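If you want the building blocks of each chain, they are given just below.
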Amino acid sequence: MNGKFGKHCCLYPGSFDPVTLGHMDVIRRAAAIFDTVVVGVLHNPDKQGLFPVERRVEMLKRACEGIPNVEIIAWPGLLAHLTRETGIRVVVRGVRNAADLDSESMMAHINGQLDPGLETLFLPASPHHADISASMVRQLAQFGADISNYVPSQVLPDILAAFAKP
Ligand code: PNS
């Protein structure tokens, strides 16, 4: 993967379990700034998975079909090893509130230590999407609430099926 992505490229990493409209907002805005946005499905050891990584990648691909300069990849290891391997120098993360900013700043510092020169840019969540999280979507879906305002229409059936009663 080394050198595959050009200079004006960013990595948007996350669990995307599942992809939400909040994620799509960040992807679209990053795609308007960078030549290429690499969306990386990474492992978050603090979160229990709903969809296997391959399904998350496939769902992201469907949701991003209309955005030409987006690539979706999976990476099983550290974020900093991915940026070193690909040569990507900019990481983009969405921040919704002060708590996000706190934890994201910590993550940015550590990633910068592991891969010197790596920059993390924060995009403030659009007001309309500031309350959306994948864990909130999972919880609402589990109890049968309407989640159509929070997830891309392309992946809504996947989420409903995952929680459908047998
Ligand atoms: O969507 P999330 O769960 O907020 O994304 C967090 C994620 C996956 C980007 C983060 O957990 C991560 O970078 N995981 C890969 C392992 C890693 O590099 N951990 C050290 C981060 S300081």
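Residues numbered from 1 in each chain as written. Predicted model: local features only at pLDDT ≥ 70, side-chain atom pairs only at ≥ 80, totals over all residues. Heavy atoms only, no water.

**Observations regarding the environment of Met 24**
The cut-off we apply is this: Strands are runs of DSSP state E lasting at least two residues, helices are runs of H or I lasting at least four, and both sets are numbered from the N terminus onward. Any two residues whose heavy atoms approach within 4.5 Å are treated as being in contact.
Mapped onto the secondary structure, Met 24 falls in helix α1 (residues 21–33). When near neighbours in sequence (up to four residues on either side) are disregarded, Met 24 contacts Val 19, Ala 63, Cys 64, Ile 67 and Pro 152.

**Here we look at the pattern of salt bridges**
To be explicit about the condition: By convention in these notes, a salt bridge is any Lys or Arg side-chain nitrogen within 4 Å of a carboxyl oxygen on Asp or Glu. A 1.4 Å probe rolled over the protein chains alone gives each residue an accessible area, and that area as a share of the maximum for its type sets the label: buried under 20%, exposed over 50%, partly exposed in between.
Counting across every chain of the model gives nine salt bridges. Note that Arg 93 and Glu 104 form a salt bridge whose closest N and O atoms lie 2.7 Å from each other. Residue Arg 93 is found in strand β4 (residues 90–95), and its partner Glu 104 is found in helix α4 (residues 98–114); the two are separated by 11 residues along the sequence. The pair Arg 93 / Glu 104 is uniform in exposure class, with both members buried. Among the charged side chains, a salt-bridge network with shared partners connects Arg 55, Glu 58, Arg 62 and Asp 158.

Function cannot be inferred from these measures alone, as they are strictly geometric.
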